[in-house]
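# Reading the structure
Letter by letter, the chains look like this.
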Amino acid sequence: MKTMLVTGGAGFIGGNFVYHVLKEYPDRRIVCVDSLTYAGNLSTLDTALKNERFVFIHKDIRDRDAMREVFAEYRPEVVVNFAAESHVDRSIVDPGLFLSTNIIGTQVLMDCCREFGAERFHQVSTDEVYGDLPLDRPDMFFTEDLPLKASSPYSASKASADLLVLAYHRTYGLPVTISRCSNNYGPYQFPEKLIPLMFINALEDKPLPVYGKGENVRDWLYVEDHCRAICMILDRGRSGEVYNVGGHNEMRNIDIVRMICDYLGKPYSLIEFVKDRKGHDLRYAIDPAKIKRELGWTPETKFADGIVKTLDWYLANRKWWEDIVSGEYKEYYKKMYEVNK
Ligand code: NAD
Ligand code: DAU
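Okay, so let's go over this structure. Keep in mind the model is a prediction, meaning the values are calculated, not measured. (Residues numbered from 1 in each chain as written. Chains lettered and ligands numbered in written order. Predicted model: local features only at pLDDT ≥ 70, side-chain atom pairs only at ≥ 80, totals over all residues. Heavy atoms only, no water.)

### Quick look at the environment of glutamate 24
Take glutamate 24: it is sitting in helix 1 (residues 12-24). Distance from glutamate 24 to threonine 3, taken between C-alpha atoms, is 14 Å for residues 21 residues apart in sequence. For glutamate 24, the side chain forms a polar contact with the side chain of lysine 23, separated by 3.3 Å. (Helix = DSSP H or I, 4+ residues; strand = E, 2+ residues; numbered from the N terminus. Polar contact = N/O pair within 3.5 Å; in protein donor to acceptor, adjacent residues only side chain to side chain.)

Okay, structure coming up:
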């Protein structure tokens, strides 16, 4: 049985990845390390915790001694690093934490991989490292060979980590891969992000705060398709390579918000155009040709199906998000959205 160390498994994509691997790979044991920041929810892992192939360890990836102990005890062959501070808006308010977790945390994990001889370190990165594309150039896409050009402290921290991962490959010969995925949606996404935030607000007849004019474009991918892509990269991806992950599903923010109103039968008059995000990236659009050509990956979930599955999940799992929005999230929301009016 192979052991996979998954960091950030109590978060949105990491949690979905844990379930994907437990289901699809019966020969894998998962050791999950998560420090349970505001974005980490142990309740996301309730079902996994009952599985004998799953172990949860409440630790911080920046804690070198703790990580060395985890590697010494479990000797993971594969490490998949999801752990990160992931919200652009929070990085604009407080960049320091992003640099520390997203860069230093990655370094600590790679040092452990070197010391304990892991077969693969996989860094879960983002398309935001490429900066943005103009709104009026639908012919332009992000390809893996573009220079990094991050816009926010969050994306700069992810770009820095990517550079470090490639440097560890070149300098020390560490076997690494990087995936750069577009915006994910699906179950267990923290309510600070666009789709769950708008859904929960609309459900409660609260204003829907759209930044700027709502014309910014994101390229949405169902989270399960991202998880499948990472597994394919782990199985057959070439060491030292970067793989973009995305499914040509570009949508304007305003259209997403209107779609959520339609799903819930709520009026568009709930939409409130608020102050724009500082440095707001205009458009993301992935060219997934490389992962398709080399690994045969293509997305399986159409947006029309994935969004209904996602919104149905939020309706059916009220307790999961009500516990979150009734806690410290309230304070965050007040600070973030009252000043932005
Ligand atoms: P998330 O914020 O939902 O989850 C992050 C998880 O990491 C949480 O469980 C948190 O507790 C944990 N964590 C944070 N700091 C930690 C630390 N120092 N030590 C241990 N655990 C820590 O994030 P997400 O949206 O699931 O994103 C996961 C990864 O995927 C991130 O690296 C992000 O950059 C990347 N990514 C996200 C998207 C997206 O659309 N959400 C798209 C592409 C890439
Ligand atoms: O592209 C991948 C990235 O996608 C990941 O690396 C990040 O971790 C993830 O958070 C996401 O970043 P975005 O900034 O694109 O996601 P967010 O959900 O915060 O915002 C999506 C768009 O919606 C963006 O253009 C800003 C806008 N928005 C967001 C919020 C929270 C609003 O208009 N109003 C809002 O209240």
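Let us keep going from here.
### Some remarks on the site of ligand 1
Around ligand 1 sit 29 residues in total, of which Ile13, Asp34, Ser86, Tyr154 and Lys158 are the nearest. The separation between an oxygen atom of ligand 1 and a polar side-chain atom of serine 86 is 2.7 Å. Contacts to ligand 1 include lysine 158, whose side-chain N or O atom sits 2.6 Å from an oxygen atom. Contact with the protein chains hides 97% of the accessible area of ligand 1, taken as 830 Å² for the molecule alone. For the shell around ligand 1, the secondary structure elements donating two or more residues are helix 1, strand 5 (120-126) and helix 5 (153-172). (Near = heavy atom within 4 Å. Areas by Shrake-Rupley, 256 points an atom, 1.4 Å probe, with all protein chains shown as cover.)

### Digging into the packing of helix 6 (residues 194-203) against helix 8 (residues 253-264)
Close contact between helix 6 and helix 8 brings their axes to 10 Å; oriented N to C, the two are set at 40 degrees. The angle between helix 6 and helix 8 falls in the class oblique. Crossing hand, helix 6 versus helix 8: right-handed. Contacts between helix 6 and helix 8 pair Leu194, Ile195, Met198, Phe199, Ala202 and Leu203 from the former with Asn253, Ile256, Val257, Ile260, Tyr263 and Leu264 from the latter. Its residues assigned to classes, the contact of helix 6 with helix 8 shows 11 nonpolar, one polar and no charged. (Axes fitted to C-alpha atoms, helices over the stretch in contact; angles between N-to-C directions. Parallel < 35°, antiparallel > 145°, perpendicular 65-115°, else oblique. Left-handed = near helix turned anticlockwise from the far one by under 90°. Contact = heavy atoms within 4.5 Å. Nonpolar A, V, L, I, M, F, W, Y, C, P; charged D, E, K, R; others polar.)

### A few points about the pattern of salt bridges
Counted according to the given criterion, the structure contains 25 salt bridges. Arginine 228 is paired through a salt bridge with glutamate 300; the nearest N and O atoms lie 3.6 Å apart. Placement of arginine 228 in helix 7 (residues 223-236) and of glutamate 300 in the loop between helix 9 (289-295) and helix 10 (303-316) is noted, with a sequence separation of 72 residues between them. Glutamate 300 sits in the exposed class, given a relative accessible area of 61%. Its salt-bridge partner being glutamate 294, residue arginine 238 comes within 2.6 Å of it at the nearest N-O pair. Of this pair, arginine 238 sits in the loop between helix 7 and strand 11 (241-245) while glutamate 294 sits in helix 9; the two residues are 56 residues apart in sequence, bridging distant segments of the chain. On the accessibility criterion, arginine 238 (43% relative accessible area) is partly exposed. (Salt bridge = Lys/Arg side-chain N within 4 Å of Asp/Glu carboxyl O. Buried < 20%, exposed > 50% of the residue type's maximum accessible area, 1.4 Å probe, protein only.)

### What to know about the nonpolar core
With 39 residues, the main nonpolar core has Ile195, Phe199, Leu208 and Ile260 as its most contacted residues. For this core, the secondary-structure elements that each account for two or more residues are helix 6, strand 8 (208-211), helix 8, strand 13 (271-274), helix 10, helix 11 (318-325) and helix 12 (329-339). Considering every element that reaches this core, the biggest residue donor is helix 6, with seven residues. Those residues in contact with isoleucine 260, other than ones at most four positions away along the chain, are Ile195, Met198, Phe199, Ala202 and Leu311. Counting residues in each nonpolar core, the second largest holds 33 residues, with Leu109, Cys113, Ala118 and Leu133 among its members. (Core = buried A, V, L, I, M, F, W, Y, C linked by side-chain atoms within 4.5 Å.)

### Side note on the site of ligand 2
Around ligand 2 sit 25 residues in total, of which Asp127, Tyr154, Arg277, His280 and Tyr337 are the nearest. The side chain of tyrosine 154 places a nitrogen or oxygen atom 2.6 Å from an oxygen atom of ligand 2. Residue tyrosine 337 places a side-chain N or O atom 2.7 Å away from an oxygen atom belonging to ligand 2. Its free accessible area being 690 Å², ligand 2 has 95% of it covered by the protein chains. Contributions of two or more residues to the shell around ligand 2 are made by helix 6 and strand 8.

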